[in-house]
Amino acid sequence: MERIRLGIATKCCLLTMKANASQIAGEIQNAYPIAKILYPSEKDFDKENRNIFLNRIKHSDADIVILTHDQFNKIKHEDRFREMFVAWQIETIRELRSREETEGLSPADRKRLDKMEENLRNELENENEKLSKDEISWTELGFDNLAVDEAHLFKNLLFQTSHDKVKGINADSNSKRASHIFMAVRDIQEKNGGDKGVIFATGTPISNSLAELYNWQVYLVPNILKKQGINCFDKWADVFAQRQSDWEPDELGRSKLVERFRSFINLQPLLTSYRGFADVITEKDLIEKKLVVDKPKALYRQVIVPFDSKVDAAIFEELKNIMDTGQSDVLDVHLTEKSFSARSLVTLSKGTKASLTHKMLGLDDEEFGTIHNKVDYVVKNVARIYKDTQFAKGTQLIFSDSYQNGDYNLYTDIKRILSQRYGIPAKEIVDINTVKEKDRASFFERVNDGDVRVVLGSTQKLGTGVNVQKRACAAHMLDVNWTPSGMIQKTGRVARQGNEFAKQFLDNNVPVYLYVKERSTDAKKYGLIFA
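Computed from a predicted model, the values in this text were never measured in an experiment.

**A few points about the overall build of the protein chain**
Each helix and strand counted, the protein chain has 22 helices and 17 strands in total. By the compact-globule yardstick of 24 Å for 531 residues, the protein chain fits well, its C-alpha radius of gyration being 25 Å. Sorting the 531 residues of the protein chain into buried and exposed places 50% on the buried side. Accessible surface, the protein chain as shown: approximately 26,000 Å² in total, 50% of it carbon and sulfur. The distance from the centre of the 79 positive side-chain charges to the centre of the 78 negative ones in the protein chain is 3 Å.

Okay, here's the thing in structure tokens:
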């Protein structure tokens, strides 16, 4: 909004999470009372209403238009921007061909590069992405500035590389939302005559891979990369990143040697370049500048769930069978030759569910029931804390991204046990999925008032855009995220400014319980986060 006030911009688009759009609009209006703000309802972006609202944006004199990420993804781009994206990808493929041919291009590598180029050309012909004559494009909306909140959600931009066997690169993710924002960014930069007009805001710029820093540079400073002679990831990695091998736990907790890009080289030039387009504010800066006051500290506490020598050993053998053969009758896994390469992901998925409770695998109580599961440990802990904080109505958050298997729902089961076994009123335990979008603000008030004492949810639903910290006395992490950013987001729901309970009763600390199952896939996933 400052850009509008200073005359640097005339019409800005702000992309944000659905849960935050209304709040952000209100805060902008409070800070700039005369600002002209436009943001659509969900119905405005229904298929039958979308073009009507886009036409309204096109002819509006609004200073700022607020769209959710999902709404933005429904706006199509002109063909020339889609062609620009594909041309850039094909250019990097040709660069890889020239680099690999000097070292000897194998038939397999040549076939892989040819397939990449074919897929890109097919994507260009995708009729669903093409702009019809009646549709309004992003360019026609007239934005000359773009601000993206929670920009890390767009980090998985497709890029081509010969380092495809190096773990953690995730080069071929081909995120649609990432390519979509790429085209919007290039449109804004084109209107501004250079690497200008775009702001990405995020608390986790690097979530899981050094390659993400390369992508930020591709988005925001393409002309600087061009001047440096860097037109593909491999050239960037030659200058700034170092491959190293180290021991890591595999899907079954066994050690194996894994190669990753683990560190930067030529760090000072890279930092200089990064600081040229990134305004970095650390938590220490926020505290020193008093922009954040009395933010509590998260105290991580491990809760070790023992390995059951009978039940867990039997499940472990089935997971081992999946890794070795791709087959398990007990866990209903029958991978074909074509899908055999997915056995690591299948093993991790099944192992994560097994560490929670055998019910997440649909296994029989009589044969596989055990008290040594995360559900049993978390309900005991939650019930204890509930009783200990009754005097001030302390609230607790329980996170698990894995929660549904057929008819079995983990959240429902935890709520049932807390209510029936420990006497916590059912009305004080809420699954965030049961709260309608229009009721979220009033629900958050109920949590902050202590009327709801236990909230269950996933990282996506409960980890972002949720302000229920006022009475937060604990968070419980039942499973492990794939990236550090997920853990940061979840922890930030309780270790957050405005946590009055932590300030008054916990010496401004708040416990975050990490439930870890012995000899499980937890070791692998924690290894991915801290690698």
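**Thoughts on the side chain of Q189**
Residue placement: Q189 occurs in helix α7 (residues 176–192). There is a polar contact of 2.9 Å between the side chain of Q189 and the side chain of R186.

**Considerations on the environment of W88**
Topologically, W88 is positioned in helix α5 (residues 79–103). It is 24 Å that separates the C-alpha atoms of W88 and K167, two residues lying 79 residues apart in sequence.

**Notes on the sheet that holds strand β4 (residues 145–149)**
Strands in a sheet are paired, the pairing made by backbone hydrogen bonds, and the direction either parallel or antiparallel. Taken in spatial order, the 5 strands of this open sheet run β2-β3-β1-β4-β5, and their pairing is parallel. Each of the sheet's edge strands pairs with one partner strand only, and the pair in question is β2 (37–38) and β5 (198–201). Examined bridge by bridge, strand β1 (residues 12–16) and strand β3 (residues 64–68) share 5 bridges and lie parallel to one another. What sits directly across from L14, in β3, is I66. Of the strands in this sheet, β1, β4 and β5 are in contact with α7, which crosses β4 at around 145°.

**So, the packing of aromatic side chains**
What characterises a pair of aromatic rings is the spacing of the ring centres plus the angle enclosed by the ring planes. Summed over the entire model, instances satisfying the criterion amount to 22 aromatic pairs. With centroids separated by 4.9 Å and ring planes inclined at 40°, the aromatic side chains of F159 and F233 adopt a geometry described as tilted. In this pair, F159 sits in the loop between β4 and α7 while F233 sits in helix α10 (residues 233–240), placing the two residues 74 residues apart along the sequence. For the pair F159 and F233, a shared accessibility class is recorded, and that class is buried.

**Examining the pattern of salt bridges**
Pairing is possible between side chains of opposite charge, provided their charged atoms come close. Per the counting criterion, the structure on display carries 26 salt bridges. Here K76 ties to E135 by a salt bridge, and the two come within 3.4 Å at their closest N and O atoms. With K76 in the loop between α4 (69–72) and α5 and E135 in the loop between α6 (107–124) and β4, this residue pair connects regions lying 59 residues apart in the sequence. Take E135: its relative accessible area is 26%, and that puts it in the partly exposed class. For the salt bridge of K503 with D294, the shortest nitrogen-to-oxygen distance reads 2.8 Å. Of this pair, K503 sits in helix α21 (residues 500–505) while D294 sits in the loop between α12 (283–288) and β8 (297–305), and the two are 209 residues apart along the sequence.

**Here we look at α7**
The end-to-end C-alpha distance of α7, which contains 17 residues, comes to 25 Å, matching closely the 24 Å that a straight helix rising 1.5 Å per residue would cover. Of all 17 residues in α7, 12 are buried; the element is thus mostly enclosed. Listing the buried residues of α7 in full gives A178, S179, H180, I181, F182, M183, A184, V185, R186, D187, I188 and Q189. Residue G193 follows α7 closely and has a positive phi angle near 70°.

**Describing unusual backbone geometry**
With a phi close to 55°, D332 is a non-glycine residue in the positive phi region. You can see D332 is positioned in the loop between β9 (327–328) and β10 (333–334). On the basis of relative accessibility, which here comes to 59%, the residue D332 falls in the exposed class.

**Details of the packing of helix α13 (residues 311–325) against helix α14 (residues 343–356)**
Contact geometry for α13 and α14: axes closest at 9 Å, N-to-C directions at 165°. What the angle tells us is that α13 and α14 run roughly antiparallel. Here α13 and α14 pass one another in a crossing that is right-handed. Across the interface between the two elements, I315, L319, I322 and M323 of α13 pack against R343, S344, V346, T347, K350, G351 and A354 of α14.

**So, a negative patch on the surface**
On the surface, a cluster of negative charge is made up of D364, D365, E366 and E367. Along the chain, E366 turns up in helix α15 (residues 365–368). Note on E366: relative accessible area 77%, which makes it exposed.

Reading the values: the criteria
Residues numbered from 1 in each chain as written. Predicted model: local features only at pLDDT ≥ 70, side-chain atom pairs only at ≥ 80, totals over all residues. Heavy atoms only, no water. Helix = DSSP H or I, 4+ residues; strand = E, 2+ residues; numbered from the N terminus. Rg over C-alpha atoms; globule rule 2.2 N^0.38 Å. Buried < 20%, exposed > 50% of the residue type's maximum accessible area, 1.4 Å probe, protein only. Areas by Shrake-Rupley, 256 points an atom, 1.4 Å probe, with all protein chains shown as cover. Lys, Arg positive; Asp, Glu negative; His and termini not counted. Charge placed at Lys NZ, Arg CZ, Asp CG, Glu CD. Polar contact = N/O pair within 3.5 Å; in protein donor to acceptor, adjacent residues only side chain to side chain. Pairing = 2+ DSSP bridges. Contact = heavy atoms within 4.5 Å. Axes fitted to C-alpha atoms, helices over the stretch in contact; angles between N-to-C directions. Phe/Tyr/Trp six-rings, centres within 6.5 Å; stacked < 30°, edge-to-face > 60°. Salt bridge = Lys/Arg side-chain N within 4 Å of Asp/Glu carboxyl O. Expected span 1.5 Å × (residues − 1). Parallel < 35°, antiparallel > 145°, perpendicular 65-115°, else oblique. Left-handed = near helix turned anticlockwise from the far one by under 90°. Patch = residues over 30% accessible without salt bridge, like charges linked within 9 Å, V, L, I, M, F, W, Y side chains within 5 Å.

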